[in-house]
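The residues making up each chain are set out below.
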Amino acid sequence: MAQETLLEVREVDVFYGGIQALWDVGLQVREGEIVALIGANGSGKSTLLDAISGLIRPAKGKIYFQGEDITDLDPFKIVSLGVSQVPEGRRIFPELSVLDNLMLGSYNRSARPKKGQNLEMVYELFPVLKERRKQTAKTLSGGQQQMLALGRGLMSSPKLMLIDEMSLGLAPIVINEVYKALREMRQKGITILFVEQSVRRSLDEADRAYIMEAGRIVLQGNSQDLCEEEEVKKAYFGICD
Amino acid sequence: MSGLATPIIMGFLLGGLYALIALGLSLVFGVMKLINLAHGDLVLLSTYTAYVVMTKLGLDPLLSLVFSIPLLFVIGFVLQRYVLKRASLISMEAPLIITFGLSLVLQNLFQIIWSPMSRGLQASYATSSFGLFGASVPLVYLFDFVIALVVMLFLHLFLQHTYLGKAINAASQDRRAAQLMGIDTNHVYALAFAIALTTAAVAGVFLGLTFPFTPQSGVSFLIIAFGVIIIGGLGSMLGTFIGGIILGLAQTLGGHFFGAAAQMLVVYGIVLFVLAIRPKGIFGR
Amino acid sequence: MKDFISRARGGLALLSAIVLLAVLPLLGLPRDWILYFFLFYIYLAMANMWNLLAGYSGLMSLCQPAFIGLAGYTLVIITWSGLSFYLGIICGAVMAAIFAVLISIPVFRLSGIYFAIGTLVIPEALRIVFFLWRPVGGKLQGGGAGYMIKGVGGVSMSQLYWFAFVLAAASVIIMRLILRSRLGLGLSSIRDNDRAAACCGIAVFKLKLYSFIISAFVTGLAGSVFYVYQQFIEPATAFNIKWTMIVILATVIGGMGIEEGPFVGTIIVVFLHFLLAKYAGVSLLIQGAILVIIMLIAPQGIMGYLRGTRAYRFVLRHATGNGLIKADIGN
């Protein structure tokens, strides 16, 4: 069964002021995949996600979602088309309740009709959010906040979820929970592109991966193949076993 | 000390009105980190609109709100959406300079149309007084206080319990996250600004009923609004309320001890004093 | 060699221009012309000083009228005490500078944006103060709280012209000196990024204070000289926001944060005043409207435009090789 290409990034350059952050970056994500974007700090991963989400406009290149050119669209329009980003550091609204945080995830016109439905799905995936729905978001633990951030991202009925640095600052047990949720999300038909620093974890969880360094994609391929890549082994010290 | 009862009660009641003036400025600043230097003049616009309704149509000035609330709503929306949003992309000072220009345009406009003469709004119910604790207080002050409470309550409920209100809240806490969730922040900011100016519209009419005004009054309104925010802090209705009361009392007690001509001086003095002693971290939540 | 010749030519042109301006009053031109030049010099000095604050130090100061009015009233006190008006001019500037130090305490606690309103309060407060306070005895002239300046009746327009000319030249030289000095370097870094500069050990407060004091002093000088010319001062016009409008408009039109900006802008503002002389009622309205329009379509000013400076600091448009960034203000 041929999988449809959901997201395509083509030859994208991004500048911050006079400084180039992305060089000729290209990637693809097919429907139903879980793809990892791996790289150290400063390699440009977050910048790439921001470009896809419309927070930054590329100086060169194009970005397509479901065949449509989204390169120059406003962020909220891109969300309405079905691309949702869970930003780095979670960035939930600390003063609002858990429920309010989630409900705001459906603020977008196109997502509003499905509010109730999506909320049920989120509660199913993350029961703890249902328990604590009246609490102020800042009272949640790190892991719970991450789940809230993911849940909020799901409220906009995304077809593609971009997740930035999911496991930052979380305990290993919690990270497991979160990745488990990712798999369940995939089962519900959501495609995922996530950003990670940890190579091993990424290659375990993802079907495919792109490795970035200093604003460029330096390696890409199936997780399996990458594990066996000499360079990956060399650079990341044989973590795949 | 019996002479003090009147200024104290009046100052307290006046404080509500001052909080109301500051409400719009506080909302705009809290959400968009913008100081609108024309805020006071826009409040005055509502006052002059009421004046027109009163003199040309012979109607109660309060009825002008039917017209001035939508007017200021539209002005606020357009100003933020098409002018100030652009300005904030230019530099930090651009919105200040533009609103400064706007302020002078309005002041001059008022002067051309209505001359520098001091004017006032009259309504039959506003002139009588009532007695409280041995003090004789103009009824209009009580109205000011009540309307301020009503508007603040409305706004509070709006921000806490409606979808749009929560979106405004969210966008002010974290703009980036709001955008990522599909909130059209440009649109939401414009609505917030529009709402802020409708509170200014209400404030304007009641100010006109309480004090005489001239084309230059806008500056004092701005300073009062700013003073309230500094004293009361941002993001808290209660703080704004308290700030208003403190400045209201400053004005009435200042007038009582130093004479009517100097009362604004006391207010300005307190604003500067608070600026001098408040540590830098007063702003932000 | 070519470079040397073109530089020498430029220098010669500048020198001849200066000489020409210096002898202008002797050329028998109509008094009105001299007056406009006079105003040009006064406004130029003030605009340069505002540029120093807003364009270079990140201090959007709205209290210039305070310095002007204070200097004027100091002039009143000095001349009414029988002393020479020269002393009055100097003292006026000194008073303004001292005042600047005093108000820096409340007002410097605020960062750029709040600083603006903080400084707005001050001229308003002073206006009331001088409305109520009679600094010198005797009766008032005119209806309001105004005073005549004594002992300046004999000053000729030419003398005034030269005072102002020297003042304007001095303001230009001061700006050049500051910008080329360590103070200037520190200021640019503060303008670009307040907190980062502080972390690099730059004494942010001190530098801002120095700019503020210098600005107050020279603005005070300009104010004093102006009042020697006008011979009459009253609170409503001395502490009036129209002074602020003049300096902001001149600096913005010319180019904020650019050395030549105020010069170019002041020429235009004086010309504008000349055109609007018959329409005094709408003068501020027109100036305000122009200010808004310029800020929206050409915020970098004339000099900025000529230099190809980006209009948008936060959004880069159509600059070759640069991307469009929808930046995150305040986050």
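Each residue is numbered by its place in its chain's sequence as written, counting from 1. To read the labels, note that chains go from A and ligands from 1, taken in the order they are written. Note on the predicted model: pLDDT of at least 70 is required for a residue's local features to be given, and 80 or more for side-chain atom pairs to be given and counted; whole-chain, interface and lining totals, by contrast, use all residues. Only heavy atoms go into the side-chain values, all of them from the structure, while hydrogens and water stay out.

### Comments concerning the overall build of chain C
Now for step 1: Every helix listed is a DSSP run of H or I at least four residues long, and every strand listed is a run of E at least two residues long, numbered separately from the N terminus. A tally of regular secondary structure across chain C gives 14 helices and two strands.
Now for step 2: The buried label goes to any residue with under 20% of its type's maximum accessible area, the exposed label to any with over 50%, and the partly exposed label to all in between, with areas taken from a 1.4 Å probe on protein chains only. Per-residue burial over chain C gives 51% buried out of 331 residues.
Now for step 3: Throughout, a residue-residue contact means that at least one pair of heavy atoms, one from each residue, lies within 4.5 Å. Intrachain contacts of chain C at a sequence separation of at least 6 include 76% that bridge at least 24 residues.
Now for step 4: Using a 1.4 Å probe, the Shrake-Rupley method yields the accessible areas, and only the shown protein chains count as cover for residues. Only carbon and sulfur atoms are counted for the fraction: they give 69% of the accessible area of chain C, which is about 14,700 Å².

### Quick word on the pattern of salt bridges
Now for step 1: Criterion for a salt bridge: a side-chain nitrogen of Lys or Arg within 4 Å of a carboxyl oxygen of Asp or Glu. Taken as a whole, this structure holds 20 salt bridges over all chains when the rule is applied.
Now for step 2: Where Arg186(A) meets Asp207(A), a salt bridge forms, and the shortest distance between an N and an O atom there is 3.0 Å. Taken together, the residues Arg186(A) in helix α7 (residues 172-187) and Asp207(A) in the loop between α8 (199-205) and β9 (208-213) connect sequence positions 21 residues apart.
Now for step 3: The partly exposed category is assigned to Asp207(A), whose relative accessible area is 29%.
Now for step 4: Here Arg176(C) ties to Glu259(C) by a salt bridge, and the two come within 3.0 Å at their closest N and O atoms. Of this pair, Arg176(C) sits in helix α6 (residues 157-180) while Glu259(C) sits in the loop between α11 (241-254) and α12 (261-276), and the two are 83 residues apart along the sequence.
Now for step 5: Of the residues examined, Arg176(C) reaches a relative accessible area of 42% and is grouped as partly exposed.
Now for step 6: If you follow the salt bridges from partner to partner, you end up with Arg183(A), Arg201(A) and Glu205(A) in one network.

### A word on helix α3 (residues 64-80) of chain C
Owing to its 3.6 residues per turn, the α-helix aligns residues three or four sequence positions apart on the same side.
Residues and elements named next belong to chain C.
Now for step 1: Between its first and last C-alpha atoms α3 spans 25 Å; for 17 residues at 1.5 Å apiece the expected length is 24 Å, and the two agree.
Now for step 2: Of all 17 residues that make up α3, 15 are buried, and the element is covered over most of its length.
Now for step 3: Looking one or two residues past α3, Gly82 carries a phi angle of roughly 85°, positive in sign. Multiplying one less than the number of residues by 1.5 Å gives the expected span of a helix.

### Points about the sheet that holds strand β4 (residues 60-65) of chain A
Residues and elements named next belong to chain A.
Now for step 1: On the basis of which strands lie adjacent, the open sheet formed by four strands has the order β2-β1-β4-β5 and antiparallel pairing. Lying at the two open borders of the sheet, with one neighbouring strand each, are β2 (19-30) and β5 (68-69).
Now for step 2: Strands pair, by our definition, only if DSSP identifies at least two bridges between them. Note: strand β1 (residues 5-16) against β2, eight bridges, orientation antiparallel. When the bridges of β2 are listed, Tyr16 appears paired with Ile19.

### Concerning the sheet that holds strand β6 (residues 83-86) of chain A
Residues and elements named next belong to chain A.
Now for step 1: Strand order in the open sheet made by the six strands is β6-β7-β8-β3-β9-β10, with mixed pairing throughout. Each edge of the open sheet is held by one strand with a lone partner, namely β6 and β10 (216-222). Adjacent strand axes in the sheet meet at a mean angle of 15°, parallel and antiparallel pairs treated alike.
Now for step 2: Sheet topology note: the β9/β10 ladder contains six bridges and is antiparallel. Bridged to Arg208 within β10 is Asn222.
Now for step 3: Axis definition: a line fitted to C-alpha atoms, over the contacting stretch in the case of helices. Angles run 0 to 180 degrees between N-to-C directions. The sheet contacts of helix α1 (residues 45-53) involve β3 (34-39), β6, β7 (160-163), β8 (191-196) and β9, and relative to β8 the element is tilted by about 150°.
Now for step 4: Those strands touched by helix α6 (residues 142-154) are β6 and β7, and its axis lies near 165° from that of β6.

### Overview of unusual backbone geometry
Residues and elements named next belong to chain A.
Now for step 1: Unusually for a residue other than glycine, Arg90 sits at a positive phi of about 65°.
Now for step 2: With respect to the helices, strands and loops of the structure, Arg90 is situated in the loop between β6 and α3 (98-105).
Now for step 3: You can call Arg90 buried: its relative accessible area is 12%.

### Examining the interface of chain B and chain C
Now for step 1: Opposite the 46 residues of chain B that make contact, chain C presents 46 residues.
Now for step 2: Defined here as a combined quantity, buried area equals the accessible surface (1.4 Å probe) lost by two parts on assembly, summed across both. Buried surface at the junction of chain B and chain C, both sides included, amounts to about 4,500 Å², of which 77% is carbon and sulfur.
Now for step 3: If you look at where chain B meets chain C, you find zero salt bridges.
Now for step 4: Residues adjacent in sequence count toward polar contacts only when both atoms are side-chain atoms; beyond that, a polar contact is any pair of N or O atoms within 3.5 Å, and within protein one must be able to donate a hydrogen and the other to accept it. At the boundary of chain B with chain C, the tally comes to four residue pairs in polar contact (both at pLDDT 80 or more).

### With respect to the nonpolar core
Now for step 1: Nonpolar cores are built from buried Ala, Val, Leu, Ile, Met, Phe, Trp, Tyr and Cys residues. Side-chain atoms within 4.5 Å join them into one set. Leu104(A), Phe38(C) and Ile248(C) are the most contacted members of the largest nonpolar core, which has 214 residues in total.
Now for step 2: The contact partners of Leu104(A), leaving out residues within four places of it in the chain, are Phe93(A), Leu96(A), Tyr163(B), Lys166(B), Ala167(B), Ala170(B), Met181(B) and Ile183(B).
Now for step 3: Core analysis: the next-biggest nonpolar cluster, separate from the first, contains 44 residues, Val86(A), Leu102(A), Leu140(A) and Met161(A) among them.

### Description of the side chain of Asn118(A)
Now for step 1: Counting through the fold element by element, Asn118(A) comes out in helix α4 (residues 115-125).
Now for step 2: Apart from residues lying up to four places away in sequence, Asn118(A) is in contact with Leu154(A), Met155(A) and Ser157(A).

### What to know about the confidence of the model for chain C
Residue and element names in this part refer to chain C.
Now for step 1: pLDDT is a residue-level measure of predictor confidence that goes from 0 to 100. The predicted model of chain C averages 83 in pLDDT, with 85% of residues at 70 or higher.
Now for step 2: Confidence, expressed as mean pLDDT per element, reaches its minimum in chain C at helix α8 (residues 194-199) with 62 and its maximum at α11 with 95.
Now for step 3: Predicted confidence for residues 315-331 stays below pLDDT 50, and this span has 46 contacts to residues more than four positions away or in other chains.
Now for step 4: The complex prediction reports pTM at 0.87, with the ipTM value standing at 0.89.

### Considering a nonpolar patch on the surface
Residue and element names in this part refer to chain C.
Now for step 1: The grouping of Leu12, Leu15, Val19, Leu20, Val23, Leu26, Leu27 and Trp162 at the surface amounts to a nonpolar patch, some 760 Å² of accessible area in total.
Now for step 2: Among the elements that line the nonpolar patch, the one with the most residues is helix α1 (residues 2-23), at five residues.
Now for step 3: Inspection of the secondary structure assignment puts Leu26 in the loop between α1 and α2 (31-56). A patch consists of residues exposed above 30% relative accessible area that lack any salt bridge, with like charges linked at up to 9 Å and nonpolar side chains (Val, Leu, Ile, Met, Phe, Trp, Tyr) linked at up to 5 Å.

### Remarks on the packing of aromatic side chains
Now for step 1: Stacked, edge-to-face and tilted are the three classes for Phe, Tyr and Trp ring pairs, Trp counted by its six-membered ring, which pair at centre distances within 6.5 Å; planes under 30 degrees apart are stacked, over 60 edge-to-face, the rest tilted. One pass over the structure, following the stated rule, counts 34 aromatic pairs over all chains.
Now for step 2: For the ring pair Phe85(C) and Tyr86(C), a centre distance of 4.5 Å and an interplane angle of 20° mean the geometry is stacked.
Now for step 3: A residue is classified by how much of its surface remains accessible, and Phe85(C), at 10% relative accessible area, is buried.
Now for step 4: With a relative accessible area of 43%, Tyr86(C) lands in the partly exposed category.
Now for step 5: When the centroid spacing of 5.0 Å and the interplanar angle of 90° are considered together, the rings of Phe226(C) and Trp243(C) count as edge-to-face. You can see Phe226(C) sitting in helix α9 (residues 204-230) and its partner Trp243(C) sitting in helix α11, a full 17 residues away along the chain.
Now for step 6: We classify Phe226(C) as buried; its relative accessible area is 8%.
Now for step 7: Given the relative accessible area of 2%, Trp243(C) is considered buried.
Now for step 8: Look at NZ for Lys and CZ for Arg. If either is within 6 Å of the ring centre and within 35 degrees of the ring normal, a charge sits over the ring. Note that Arg112(A) overlies the ring of Tyr107(A), its terminal NZ or CZ placed 4.6 Å from the centroid.

### Considering the pairing of strand β2 (residues 135-138) of chain B
Residue and element names in this part refer to chain B.
Now for step 1: Side chains Ala135 and Val137 of β2 all project onto a buried face; the interleaved residues Ser136 and Pro138 project onto a face where none is buried.
Now for step 2: Strand direction decides the pairing type here: strand β1 (residues 129-132) and β2, joined by four bridges, are antiparallel. Bridging from a neighbouring strand, Phe130 pairs with Val137 of β2.
Now for step 3: Hairpin connection from β1 to β2: two residues lie between these consecutive antiparallel strands, with Phe133 at a positive phi of about 50°.

### Some remarks on empty space enclosed by the protein
Now for step 1: Only protein atoms enter the 1 Å grid used here, on which a cavity is any set of points holding a 1.4 Å probe that cannot leave and a pocket is any open set flanked by protein within 12 Å on both sides along at least five of seven lines; residues with an atom within 4 Å of a point are listed as lining. Grid points are joined across faces, edges and corners, and a volume is the space filled by probe spheres set on the points. Overall, the coordinates contain three cavities of 30 Å³ or more when judged by the stated rule.
Now for step 2: Put simply, the largest cavity is a space of about 60 Å³.
Now for step 3: Contributing to the lining of the largest cavity are Leu37(B), Asp41(B), Phe100(B), Ser103(B), Val219(B), Leu222(B), Leu62(C), Leu120(C) and Ile241(C).
Now for step 4: For the lining of the largest cavity, the secondary-structure elements that each account for two or more residues are α4 (94-114) and α10 (217-232) of chain B.
Now for step 5: Split into classes, the residues belonging to the lining of the largest cavity amount to seven nonpolar, one polar and one charged.
Now for step 6: Lining the second largest cavity, in full, are Ser84(A), Gln85(A), Val86(A), Pro87(A), Gly105(A), Ala149(A), Arg152(A), Gly153(A), Ser156(A), Leu180(B) and Met181(B).
Now for step 7: For the lining of the second largest cavity, the secondary structure elements donating two or more residues are β6 and α6 of chain A.
Now for step 8: Residues are grouped as follows: nonpolar covers Ala, Val, Leu, Ile, Met, Phe, Trp, Tyr, Cys and Pro; charged covers Asp, Glu, Lys and Arg; every other residue, Gly included, is treated as polar. In the lining of the second largest cavity, the residues fall into five nonpolar, five polar and one charged.

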